Amino acid sequence: DAPEQPIGPNHRTTFRATKTGSHLIEEIGTGMNYWDGNQWSPSVPVFEAVKDGFAVRQVQHQVRLAGNLLVEGAVSVRTPEGIMLNSSPLALALYDAASGEFQVIATVTNCAPTQVSSNEVMYLDAFSGGVCANVAYTITAGTFSQDVIFTGPVDPADYGFPRDTTRIQIITEFYGAPEPDELRRPLFVEGNEKIR
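Here the structure is a predicted model, which means the values were calculated and not measured.

When you look at the overall build of the chain in this model, what are you seeing that I'm missing?
Each helix and strand in the chain was counted, giving zero helices and 17 strands. Computed over C-alpha atoms, the radius of gyration of the chain comes to 23 Å, more than 25% over the 16 Å expected from 2.2 N^0.38 for 196 residues, which places it beyond the range of a compact globule. Looking at the 196 residues of the chain, the share that counts as buried comes to 31%. For the chain, the proportion of contacts with a sequence separation of at least 24, taken over those separated by at least 6, is 39%. Surface exposure of the chain reaches about 12,100 Å², of which carbon and sulfur atoms provide 51%. In the chain, the 13 positive side-chain charges and the 23 negative ones have mean positions that sit 7 Å from each other.

Below you can see the structure in the form of structure tokens.
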């Protein structure tokens, strides 16, 4: 067997010897490799401790987490295209899809990050307001996610919301985000020129 040869951002090849001869295997996966400044190298989706937080540098979507979740731009992500996205989770809210009613039930509080595995960092007891929940950030070679993990019950009925139609939302604010691309597409094009 020959070593894997990174050849692009989302694929690499491997030569394998079998009883019938050598075979070239091409593996495909989002974010499989990252540009290290000289060449495509295999992605290493691992959080490392840095001054005042954690960072992931050896992936296409580089991430930096602040040492306190209650700061502006606590989460920074540089996309493969070089776009910088700075955000902070702000609050948990209830939204009743039937009535449109909305209510904030907890806000983010001062909390420090803890590394719970090589690719996951968690802010424990991240909310004030009586809601027991953590905020977790997980990285893989091709993804980065923010999740709220409830460590205690949250019942919408306690806030006067119906259980069947209420959704729990996390409100996250983005700071200095770039202008989004605008695409204009017709939903319907009238075929008859006289009517059009």
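Having seen it, we continue.
Sorry if this is basic, but what is going on with the pairing of strand E15 (residues 133-139) here?
Where a strand is regular, its side chains alternate between the two sheet faces. The element E15 is extensively covered by neighbouring structure, given that six of its seven residues are classed as buried. Sheet topology places E15 next to strand E16 (residues 144-150); seven bridges connect them, and they run antiparallel. Within E16, the position partnered with Tyr137 by the bridge is Gln146. Here E15 folds back onto E16, and the loop between the two strands holds four residues.

Please clarify how the packing of aromatic side chains should be interpreted in this entry.
Given two aromatic rings, one states the distance between the centres and the angle between the planes to describe the pair. By the definition in use, this model includes three aromatic pairs. Taking 6.0 Å as the distance between ring centres and 85° as the angle between the ring planes, the aromatic pair formed by Tyr123 and Tyr137 counts as edge-to-face. A residue pair is termed long-range when its members are at least 10 positions apart, and Tyr123 in strand E13 (residues 120-123) and Tyr137 in strand E15 qualify at 14 residues. Tyr137 matches Tyr123 in its accessibility class, with the two residues each being buried.

Just to check I follow, could you spell out the environment of His23 for this structure?
With respect to the helices, strands and loops of the structure, His23 is situated in strand E3 (residues 21-28). Note: C-alpha distance between His23 and Thr151 (128 residues apart in sequence) is 50 Å. Apart from the residues within four sequence positions on either side, His23 is in contact with Thr14, Phe15, Arg16 and Thr18.

For this particular structure, what's the right way to read the side chain of Thr166?
Among the structural elements, Thr166 can be located in strand E17 (residues 166-175). Judged by relative accessible area, Thr166 falls into the buried class, the value being 14%. Polar side-chain contacts of Thr166 include one of 2.4 Å to the backbone oxygen of Pro162. What Thr166 contacts, discounting residues up to four positions off in sequence, is Leu94, Tyr95, Asp96, Pro156 and Phe161.

Quick question: what am I supposed to make of the sheet that holds E13 here?
Working definition: the strands of a sheet are paired by backbone hydrogen bonds and lie parallel or antiparallel to each other. Strand order in this open sheet of four strands is E12-E13-E15-E16, and the pairing throughout is antiparallel. Edge positions in the sheet fall to strand E12 (113-117) and E16, since each of these pairs with one other strand and no more. Across the sheet, the mean angle separating the axes of adjacent strands is 25° when strand polarity is ignored. Here E12 runs beside E13; their pairing, made up of four bridges, is antiparallel. Residue Gln115 lies in a different strand from E13, and its bridge partner there is Val121.

How should unusual backbone geometry be read in this particular structure?
Note on backbone geometry: most residues besides glycine have negative phi, and most peptide bonds are trans. A positive phi angle, near 60°, is found at Asp52, a position not held by glycine. Note that Asp52 resides in the loop between strand E6 (48-50) and strand E7 (53-56). One non-glycine residue, Asp125, adopts positive backbone phi at about 45°. Note that Asp125 resides in the loop between E13 and strand E14 (127-128). Taking relative accessible area as the criterion, Asp125 reaches 54% and is therefore assigned exposed.

Reading the values: rules and limits
Residues numbered from 1 in each chain as written. Predicted model: local features only at pLDDT ≥ 70, side-chain atom pairs only at ≥ 80, totals over all residues. Heavy atoms only, no water. Helix = DSSP H or I, 4+ residues; strand = E, 2+ residues; numbered from the N terminus. Rg over C-alpha atoms; globule rule 2.2 N^0.38 Å. Buried < 20%, exposed > 50% of the residue type's maximum accessible area, 1.4 Å probe, protein only. Contact = heavy atoms within 4.5 Å. Areas by Shrake-Rupley, 256 points an atom, 1.4 Å probe, with all protein chains shown as cover. Lys, Arg positive; Asp, Glu negative; His and termini not counted. Charge placed at Lys NZ, Arg CZ, Asp CG, Glu CD. Pairing = 2+ DSSP bridges. Phe/Tyr/Trp six-rings, centres within 6.5 Å; stacked < 30°, edge-to-face > 60°. Polar contact = N/O pair within 3.5 Å; in protein donor to acceptor, adjacent residues only side chain to side chain. Axes fitted to C-alpha atoms, helices over the stretch in contact; angles between N-to-C directions.

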